[in-house]
Amino acid sequence: MDTVEPLFPIPLMRCPQVLPADLVEAAVATIRSAEVEQNLRSDQLFHTAIANPLALPLFQQIAALTQPKLADFGQLIFGEILQWSVKEMWINLLERGGGQALHAHANSFVSGVIYLTPSHPSCRTVFVRPPGGSDFSFRHHTREMAMGPYNAGKYVLPEVLPGDMVLFPSYLYHEVPRNQGDQRITLAFNAIPDRLDCWGYQIRFTP
Ligand SMILES: [Fe+2]
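Okay, so let's go over this structure. Just so it is clear, the structure is predicted and the values come from calculations on it, not from any experiment.

## Points about the coordination of the iron ion
Ideal geometry at a metal centre: 109.5 degrees between donors when four sit tetrahedrally, and 90 or 180 degrees when six sit octahedrally.
For step 1, the next point in the chain: Within the protein, the iron ion binds to H103 (NE2), H105 (NE2) and H174 (NE2); these donor distances fall in the range 2.1 to 2.2 Å.
For step 2, the next point in the chain: Every donor residue of the iron ion comes from the same chain, spaced as H-x1-H-x68-H. One end of the pair, H105, is in the loop between β5 (100-103) and β6 (110-115); the other, H174, is in strand β10 (residues 174-176), with 69 residues separating them in the sequence. The pair formed by H105 and H174 is uniform in burial state, with each residue classed as buried.

## Description of the packing of aromatic side chains
For step 1, the next point in the chain: This model, assessed by the stated rule, comprises five aromatic pairs.
For step 2, the next point in the chain: With 6.3 Å between their ring centres and 20 degrees between their planes, F78 and W84 make a pair best called stacked.
For step 3, the next point in the chain: Here F78 falls in the partly exposed class, since its relative accessible area comes to 34%.
For step 4, the next point in the chain: We classify W84 as buried; its relative accessible area is 2%.
For step 5, the next point in the chain: Plain terms: the ring middles of F127 and Y155 are 6.4 Å apart, the flat faces sit at 40 degrees to each other, and that makes the pair tilted. Taken as a pair, F127 in strand β7 (residues 126-128) and Y155 in strand β8 (residues 154-156) lie far apart in primary sequence, 28 residues in all.

## Some words on a nonpolar patch on the surface
For step 1, the next point in the chain: A surface patch of nonpolar side chains, about 260 Å² in accessible area, is lined by L76, I77 and F78.
For step 2, the next point in the chain: L76 gets classed as exposed once you look at its relative accessible area, which sits at 57%.

## Re the side chain of N190
For step 1, the next point in the chain: By secondary structure assignment, the location of N190 is in strand β11 (residues 184-193).
For step 2, the next point in the chain: Since its relative accessible area comes to 4%, N190 is described here as buried.
For step 3, the next point in the chain: In this structure the side chain of N190 is engaged in a polar contact, spanning 2.8 Å, whose partner is the side chain of H105.
For step 4, the next point in the chain: Beyond its immediate chain neighbours, meaning those up to four positions away, N190 contacts S85, V86, K87, E88, W90, H105, A106, S108, V110 and S111.

## Observations regarding unusual backbone geometry
Across the chain, the bulk of peptide bonds are trans and the bulk of non-glycine residues have phi less than zero.
For step 1, the next point in the chain: Of note in this structure, F8 is not a glycine but carries a positive phi near 50 degrees.
For step 2, the next point in the chain: Of the residues examined, F8 reaches a relative accessible area of 77% and is grouped as exposed.
For step 3, the next point in the chain: Phi at N107 is positive, roughly 55 degrees, even though this residue is not glycine.
For step 4, the next point in the chain: Residue placement: N107 occurs in the loop between β5 and β6.

## Notes on the side chain of N92
For step 1, the next point in the chain: Relative to the elements of secondary structure, N92 occurs in strand β4 (residues 84-94).
For step 2, the next point in the chain: Exposure remark for N92: the relative accessible area of 5% places this residue in the buried category.
For step 3, the next point in the chain: In contact with N92, other than residues within four places in its own chain, are L45, F46, H47, Q100, R184, I185, T186 and A188.

## Structural notes on the pairing of β11
On a regular strand, each side chain points to the face opposite its neighbour's, so the side chains alternate between the two faces of the sheet.
For step 1, the next point in the chain: Here β11 lies mainly inside the structure; ten of its ten residues are buried.
For step 2, the next point in the chain: In β11, alternate side chains face the same way, and those of R184, T186, A188, N190 and I192 on one face and I185, L187, F189, A191 and P193 on the other are all buried.
For step 3, the next point in the chain: For β4 and β11, the ladder comprises ten bridges, and the chain directions are antiparallel. Each bridged residue has a counterpart across the sheet, and for L93 the counterpart in β11 is I185.
For step 4, the next point in the chain: As paired elements, β6 and β11 share six bridges and run antiparallel to each other. Counted as the bridge partner of V113 is A188 from β11.

Cut-offs applied
Residues numbered from 1 in each chain as written. Predicted model: local features only at pLDDT ≥ 70, side-chain atom pairs only at ≥ 80, totals over all residues. Heavy atoms only, no water. Donors = N, O, S within 2.8 Å, 3.2 Å for Na, K, Ca; no water. Helix = DSSP H or I, 4+ residues; strand = E, 2+ residues; numbered from the N terminus. Buried < 20%, exposed > 50% of the residue type's maximum accessible area, 1.4 Å probe, protein only. Phe/Tyr/Trp six-rings, centres within 6.5 Å; stacked < 30°, edge-to-face > 60°. Patch = residues over 30% accessible without salt bridge, like charges linked within 9 Å, V, L, I, M, F, W, Y side chains within 5 Å. Areas by Shrake-Rupley, 256 points an atom, 1.4 Å probe, with all protein chains shown as cover. Salt bridge = Lys/Arg side-chain N within 4 Å of Asp/Glu carboxyl O. Polar contact = N/O pair within 3.5 Å; in protein donor to acceptor, adjacent residues only side chain to side chain. Contact = heavy atoms within 4.5 Å. Pairing = 2+ DSSP bridges.

Here it is, written out as structure tokens:
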């Protein structure tokens, strides 16, 4: 029998309902009552004056809920259960008309987004195939073709509900198209393992 091996794929983990409804409500209430500041690149994207949400017990509680998922996701990447911690967390308030430019996260191994409000279909998070490398420089994109993981240039996250989370390797570029719906609130974070070991040569990280 013929087989196809999915060589060197990039994992992305979708974790439905990581946050219970009461925690989502409490986070939204805290965020809506905080002062906001404008994003440098989009005039309809704002961040709250809560510069470090992890300083608040509510967000520490949220970070703790990501821990087992980070351990599972980290095992996919590094092959072992490591001690993971969320080293930074921030809040995105995306108003109607706002978007987020294509970017990746530096100084981090795993990044995540927790959705706190419904997202209008126009502003689902889009993940982009890493550019360059040894791919063909030709494309075949037609209405008849079957789009799949071997030829797609982008992956659009399917519908998410408040309390859902997505985890991805921090090097994976992503963007949010212009929001044509109501305000969308997300929590984003970066996480690191306590150490990496390559045949006895270790590097340690502290948040
Ligand atoms: Fe991001």
